[in-house]
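Residue strings, one per chain:
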Amino acid sequence: VARGVPVALGTDANNRLNLFDEMRAVEYLQRVSALEMGIVAGADPDSRGTALPLLEMGTANGARALGIEAGRIAPGLWADLVAISLDDPSLWPAACSGGDDLLNAVVFSMVAQTAVRHSWVAGRPLVRDGRLANMSLDEIRDEIAAVVQS
């Protein structure tokens, strides 16, 4: 990170598929190895106290590492987005103050299962109002059961 290498996170090694958990894990594992808080953020001298480097690892750095132009909302770019409810209690009181307080709350304390209200991948809605947009949980369960039983 300190040398400008785009470190990217993924979720293929666990079943939770939650990049916010992965962002937290990066920081927590570094705390254990360095016996210091804020070590990832501190890799960039101007970033100590902000979770921005962790958020970038879980978002735009994935595209950078793969050589894909993405990481901002613009015509012609990939449109993978989440909409987070600032009314979710896991973001209080940071949602009131905004800035780095809110960013740190998103990375370190947000409960994604309740705070993420909408999600789009490649411009297609996957979650609307906290519910799957294209399939029901029953349909998913039935498909899994069919694969397991075959």
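Because the structure is a prediction, the values reported are computed rather than measured. (Residues numbered from 1 in each chain as written. Predicted model: local features only at pLDDT ≥ 70, side-chain atom pairs only at ≥ 80, totals over all residues. Heavy atoms only, no water.)

Draft legend 1. Examining the sheet that holds strand β4 (residues 131-132) more closely. Pairing in this open sheet of 4 strands is antiparallel, and the strands run β1-β2-β3-β4 from one edge to the other. Taken across any chain shown, the strands that pair with only one partner, and hence form the sheet edges, are β1 (81-84) and β4. Pairing between strand β3 (residues 124-128) and β4: 2 bridges, direction antiparallel. Bridged to Arg-128 within β4 is Arg-131. (Pairing = 2+ DSSP bridges. Helix = DSSP H or I, 4+ residues; strand = E, 2+ residues; numbered from the N terminus.)

Draft legend 2. Fine view of the pattern of salt bridges. For the coordinates displayed, the defined rule picks out 4 salt bridges. Across the salt bridge formed by Arg-16 and Asp-21, the nearest N and O atoms sit 2.7 Å from each other. The residue Arg-141 makes a salt bridge to Asp-142 at a minimum N-O spacing of 3.4 Å. Each of Arg-16, Asp-21 and Arg-24 takes part in one network of salt bridges that share partners. (Salt bridge = Lys/Arg side-chain N within 4 Å of Asp/Glu carboxyl O.)

Draft legend 3. Local environment of the side chain of Asp-88. Within the secondary structure, Asp-88 is located in the loop between β1 and α4 (94-97). This buried residue, Asp-88, is left without a salt bridge; Arg-117 holds the nearest opposite charge, at 6.9 Å. Among the polar contacts listed, one links the side chain of Asp-88 to the side chain of Ser-90, at a separation of 2.4 Å. Contact partners of Asp-88, with chain neighbours within four places excluded, come to Val-111, Thr-114 and Ala-115. (Buried < 20%, exposed > 50% of the residue type's maximum accessible area, 1.4 Å probe, protein only. Lys, Arg positive; Asp, Glu negative; His and termini not counted. Polar contact = N/O pair within 3.5 Å; in protein donor to acceptor, adjacent residues only side chain to side chain. Contact = heavy atoms within 4.5 Å.)

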